[in-house]
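Remarks on the overall topology
The primary structure of each chain is shown beneath.
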Amino acid sequence: MATASEHDAETALRQTLRWLGAAPLGALAQLACRFGYGARGFVYVSIGFIAFLAAIGRVPAAEGSLGALQAWAEWPLGLVLLGVTGLGLYGFAGWRLLQSLFDAERQGTSPKALATRAGQAISGLVYGALGFSVFSALDLLEDLGEADEGRSEQEAAAQALTMPGGEWLIVGVGVFILAAGLSNGVKAVLGGLCKRLVCEGAIGRLAEPLGRLGYGARAVAFGVMGVMLVQAGLHANAAEAAGLAEALQALKNGPMGNGLLTLVALGLLAFGAFALVEARYRQIPAGEVLDD
């Protein structure tokens, strides 16, 4: 739980709305970033919900980001929801751009800060690509629901293996994902995830455990995915390459199977809920960057 140094009686969202009159460009940028956190939360809630259904045997398999979003296509107004989510993902990618390239949160240029900003830049590329994938799926409505994220991972690995040293490229990607998983695990253990939130009371008390549970679940999922990619590279076998869906399915098929997948699914739901809290209460100095 954290309070703002200024305007501690206002929530971050109310500040943004108040700034619309004084600095509309900056305020609109902040709203886009909040919209992005909301889209990120929706993505993880969708992944966690389907993974939970897979753990209890209600659906055949867990899904990754795009597959989980595409599951909404058959619901009433599902395509509208996907379009809104795609726009939000672009908003989140833009916020990552401001964080990484323009140092919106004044992290500095220490080695640790630069590593964090590099990770944010890559995160922005990932979420921007996911937003593009959502709109690509909407352009091909007849194929919506036929996408196979695991196959796309394997196709990318197969292309990499045709390049000189391609197997080490795959290993490198796997090591990077393992490092991301470790970073998530450190955040889960050390906490302090709410220092940029402006909220008190029950929400302030709930946000920290939600975030720690969520980052812990991501650490497990990323760890499994990273190991599978490293193995794919070392074995020069594209069929072993995996995305998030395959990592979650590997948890289901491994020791403690459904029980472990249930815990991770609940953690991913918690991460999605934490992102929704961030959308409402996080301090986002996007306007300050644009106004400088």
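Just so it is clear, the model here is predicted, and its values are computed rather than measured.

Before going further, it helps to spend a moment on the overall build of the chain. Within the chain one finds 11 helices and zero strands. For the chain, the α and β elements follow one another from N to C terminus as α-α-α-α-α-α-α-α-α-α-α. Partitioning the contacts of the chain with sequence separation of at least 6, the portion at a separation of at least 24 is 72%. Accessible surface for the chain amounts to roughly 14200 Å². Of this, 66% is attributable to carbon and sulfur atoms.

Moving on to the confidence of the model for the chain. Parts of the model with low pLDDT should not have their predicted coordinates read in detail. Averaged over all residues, the pLDDT of the chain is 84; the fraction at 70 or higher stands at 84%. Helix H11 (residues 286–291) is the least confidently modelled element of the chain, averaging 61 in pLDDT, while helix H10 (residues 257–281) averages 94, the highest of any element. Across residues 141–147, where pLDDT falls below 50, the model places nine contacts with residues more than four positions away in sequence or in other chains.

It is worth spelling out a nonpolar patch on the surface at this point. Together, Phe 35, Leu 77, Val 80, Val 84, Leu 87, Tyr 90 and Phe 132 line one region of the surface with nonpolar side chains, adding up to about 700 Å² of accessible area. In terms of residue count, helix H4 (residues 78–101) provides more of the nonpolar patch than any other element does, four residues in total. Here Val 84 lies in helix H4. Looking at Val 84, the relative accessible area reads 36%, which means it is partly exposed.

What follows covers the environment of Trp 72. Tracing the backbone through its elements, the reader meets Trp 72 in the loop between helix H3 (65–70) and H4. With a relative accessible area of 23%, Trp 72 lands in the partly exposed category. When near neighbours in sequence (up to four residues on either side) are disregarded, Trp 72 contacts Phe 42, Ser 46, Gly 78 and Leu 81. Polar contacts involving the side chain of Trp 72 include one to the side chain of Ser 46, which spans 2.9 Å.

Attention now moves to the environment of Leu 53. Locating Leu 53 in the fold gives a position in helix H2 (residues 24–55). Sequence spacing of Leu 53 and Leu 261 is 208 residues, and the spatial spacing of their C-alpha atoms is 9.9 Å. Excluding its chain neighbours within four sequence positions, the residues that come into contact with Leu 53 are Arg 58 and Val 59.

What follows deals with the pattern of salt bridges. A full pass over the atoms with the stated rule returns four salt bridges. Between Arg 117 and Asp 103 there is a salt bridge, and its shortest N-O distance comes to 3.8 Å. Remark: Asp 103 occurs in the loop between H4 and helix H5 (111–139) and Arg 117 occurs in helix H5; sequence separation between them is 14 residues. Salt-bridge contacts for Glu 105 lead to Arg 196; the nearest nitrogen and oxygen are separated by 3.4 Å. Of this pair, Glu 105 sits in the loop between H4 and H5 while Arg 196 sits in the loop between helix H7 (166–190) and helix H8 (201–234), and the two are 91 residues apart along the sequence. The class of Glu 105 is buried, set by a relative accessible area of 9%. Within the structure, one salt-bridge network assembled from shared partners comprises Glu 105, Arg 196, Glu 278 and Arg 282.

Further remarks concern the packing of aromatic side chains. Applying the stated criterion across every chain, the model contains seven aromatic pairs. When the centroid spacing of 5.3 Å and the interplanar angle of 40 degrees are considered together, the rings of Phe 42 and Trp 72 count as tilted. In this pair, Phe 42 is assigned in helix H2 and Trp 72 in the loop between H3 and H4, connecting sequence segments 30 residues apart. Both rings, one in Tyr 215 and one in Phe 274, keep their centres 6.5 Å apart while their planes meet at 70 degrees; by these two values the pair is edge-to-face. Taken together, the residues span a long stretch of sequence, with Tyr 215 in helix H8 and Phe 274 in helix H10 at a distance of 59 residues. Using a relative accessible area of 1% as the deciding quantity, one classes Phe 274 as buried. Among the aromatic residues, those joined into a cluster by ring pairs are Tyr 44, Tyr 215, Phe 271 and Phe 274. In this structure, Arg 280 is placed above the aromatic ring of Tyr 281, and the distance from its NZ or CZ to the ring centre is 4.8 Å.

A few words on the nonpolar core. Among the nonpolar cores identified, the biggest contains 60 residues, and Ile 47, Leu 89, Trp 95, Leu 248 and Phe 274 are the most heavily contacted of them. Here this core takes 11 residues from H2, the largest share from any one element. Setting aside anything within four residues of it in sequence, one finds Phe 274 in contact with Leu 193, Cys 194, Leu 197, Ala 207, Leu 210, Gly 211 and Tyr 215.

What counts, and where the lines are drawn
Residue indices begin from 1 for each chain and proceed along its sequence in written order. It should be noted that, the model being predicted, local features are given only for residues of pLDDT at least 70 and side-chain atom pairs only at 80 or more, the latter also being counted only at that level, while totals for whole chains, interfaces and linings use all residues. To get the side-chain values, take all heavy atoms of the structure and skip hydrogens and water. Put simply, DSSP marks the helices as runs of H or I at least four residues long and the strands as runs of E at least two long, and each gets a number from the N terminus on. Any two residues whose heavy atoms approach within 4.5 Å at even a single point are treated as in contact. Note on areas: Shrake-Rupley with a 1.4 Å probe; residue coverage comes only from the protein chains shown. The score called pLDDT rates the predictor's confidence residue by residue, from a low of 0 to a high of 100. Surface patches are drawn from residues lacking salt bridges whose relative accessible area is over 30%; two like charges belong together within 9 Å, two nonpolar side chains (Val, Leu, Ile, Met, Phe, Trp, Tyr) within 5 Å. Think of a salt bridge as a Lys or Arg side-chain nitrogen and an Asp or Glu carboxyl oxygen that are within 4 Å of each other. Accessibility here uses a 1.4 Å probe with only protein chains present; expressed as a share of the type maximum, an area under 20% marks a residue as buried, one over 50% as exposed, and anything in between as partly exposed. For the purposes of these results, a polar contact is taken to be a pair of N or O atoms within 3.5 Å, where, inside protein, one atom must be able to donate a hydrogen and its partner to accept one; residues adjacent in sequence count only when each atom of the pair is a side-chain atom. A pair of aromatic rings is counted whenever rings of Phe, Tyr or Trp (Trp by its six-membered ring) have centres within 6.5 Å, and the orientation is called stacked for planes under 30 degrees apart, edge-to-face for over 60 and tilted otherwise. Throughout this description, the term charge over a ring refers to an Arg CZ or Lys NZ atom that lies within 6 Å of the ring centre and within 35 degrees of the ring normal. Nonpolar cores were defined as sets of buried Ala, Val, Leu, Ile, Met, Phe, Trp, Tyr and Cys residues, with membership established by side-chain atoms within 4.5 Å.

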